Amino acid sequence: MDLDQLTQALARNLKHWRADRGLTLDALAERASVSRGMIIQIEQARTNPSVGTTVKLADALGVSIATLLDFEHGPQVRVVPREQAVRMWSTPAGSQATLLVGGEGEGPRELWSWTLMPGDESTSEAHPPATTELLHVTAGVLTLLVDGTGHTVPAGSSAAFEANVPHGYRNDGAERVELMMSVSVPALR
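Here's a quick rundown of the structure. Computed from a prediction, not measured in an experiment: that's the story for all the values here.

### Let's talk about the pattern of salt bridges
Next, step 1: Counting across every chain of the model gives 6 salt bridges.
Next, step 2: Of the charged contacts, one joins aspartate 172 and arginine 170 as a salt bridge, the two residues approaching to 2.8 Å between their closest N and O atoms.
Next, step 3: Judged by relative accessible area, arginine 170 falls into the partly exposed class, the value being 24%.
Next, step 4: Close ionic contact of glutamate 178 with arginine 176 constitutes a salt bridge, the shortest N to O distance being 3.1 Å.
Next, step 5: A relative accessible area of 29% means that glutamate 178 is categorised as partly exposed.

Written out as structure tokens, the structure reads:
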């Protein structure tokens, strides 16, 4: 998916889900802690927001990031080709986070592939209460940061945590870290 497709999909889907939830621009802005002007620019496909802004909007709407970026609504089974996976974060060193697939149900669910190069770190603000993240490290040694505490997760190991606190992922080692992560956000009530 190219950047223009992504921008158009985000504009269309943000408008759809805001209307579906019965939220005014001001209500969504307040709920997401994103300016009304930024939401207008996104809905008019005039800007590509940061990952943090996209996460805040998805959380405030109670949908997955994949749902906000989905450019074609399909049948019950959806296969996402590699070239349609969305790189949401990257660094000049080569670290990256790619949203592979997501869906709705009892709340948004997302599957991610992460690469963290030595010395790189990605942090996240707290997600809504009862949000959980599951991860499995396939290469290297991850330092998982949860509410200010570091946890060592070596290759072959997995971790689960409630993501309703500030958290992040860091590579303190000399080799690349690779991991798969699943995020589950409770349904908006």
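### Focus: the environment of alanine 45
Next, step 1: Within the element layout of this structure, alanine 45 appears in the loop between helix H3 (36-43) and helix H4 (51-61).
Next, step 2: Between the C-alpha atom of alanine 45 and that of aspartate 4, which follows or precedes it by 41 residues, the distance is 8.6 Å.

### So, the sheet that holds strand S7 (residues 149-154)
Next, step 1: Across the sheet, which stays open at both edges, the 4 strands sit in the order S4-S9-S6-S7 with antiparallel pairing between neighbours. Edge positions in the sheet fall to strand S4 (121-124) and S7, since each of these pairs with one other strand and no more. The mean inter-strand angle of the sheet, taken between neighbouring strand axes irrespective of direction, is 20 degrees.
Next, step 2: Where strand S6 (residues 141-146) meets S7, 6 bridges bridge the pair, whose relative direction is antiparallel. Bridged to leucine 142 within S7 is valine 153.

### Some words on unusual backbone geometry
Leave glycine aside and you will find that most residues have negative phi; peptide bonds, for their part, are mostly trans.
Next, step 1: Positive phi is not limited to glycine here, since alanine 130 has a value of about 75 degrees.
Next, step 2: Mapping alanine 130 onto the fold places it in the loop between S4 and strand S5 (132-139).
Next, step 3: A positive phi angle, near 55 degrees, is found at aspartate 147, a position not held by glycine.

### A look at H4
Next, step 1: The buried fraction of H4 is high, at 8 of 11 residues.
Next, step 2: Of the positions making up H4, those classed as buried are Thr53, Thr54, Val55, Leu57, Ala58, Asp59, Ala60 and Leu61.
Next, step 3: Of the surrounding elements, those touching the buried residues of H4 are helix H1 (3-20), helix H2 (25-32), H3, helix H5 (65-69) and strand S1 (86-90).
Next, step 4: Just beyond H4, the residue with positive phi is glycine 62, at close to 75 degrees.

Reading the values: rules and limits
Here the residue numbers are simple positions, counted from 1 along each chain's written sequence. Two thresholds apply to this predicted model, a pLDDT of at least 70 for residue-level local features and 80 or more for giving and counting side-chain atom pairs, whereas whole-chain, interface and lining totals are computed over all residues. Values shown for side chains rest on all heavy atoms present in the structure; no hydrogens or waters enter the calculation. Here, a salt bridge means any Lys or Arg side-chain nitrogen found within 4 Å of an Asp or Glu carboxyl oxygen. When accessible area is computed with a 1.4 Å probe and restricted to protein chains, residues below 20% of their type maximum are described as buried, those above 50% as exposed, and intermediate ones as partly exposed. In this text, helices come from DSSP runs of H or I with a minimum length of four residues, and strands from runs of E with a minimum of two, each type numbered from the N-terminal end. When DSSP locates at least two bridges between a pair of strands, those strands are taken to pair. Fitted lines through C-alpha atoms give the axes, limited to the stretch in contact for helices. The angle between two N-to-C directions lies from 0 to 180 degrees. The contact criterion used throughout is that any non-hydrogen atoms of two residues lie within 4.5 Å.

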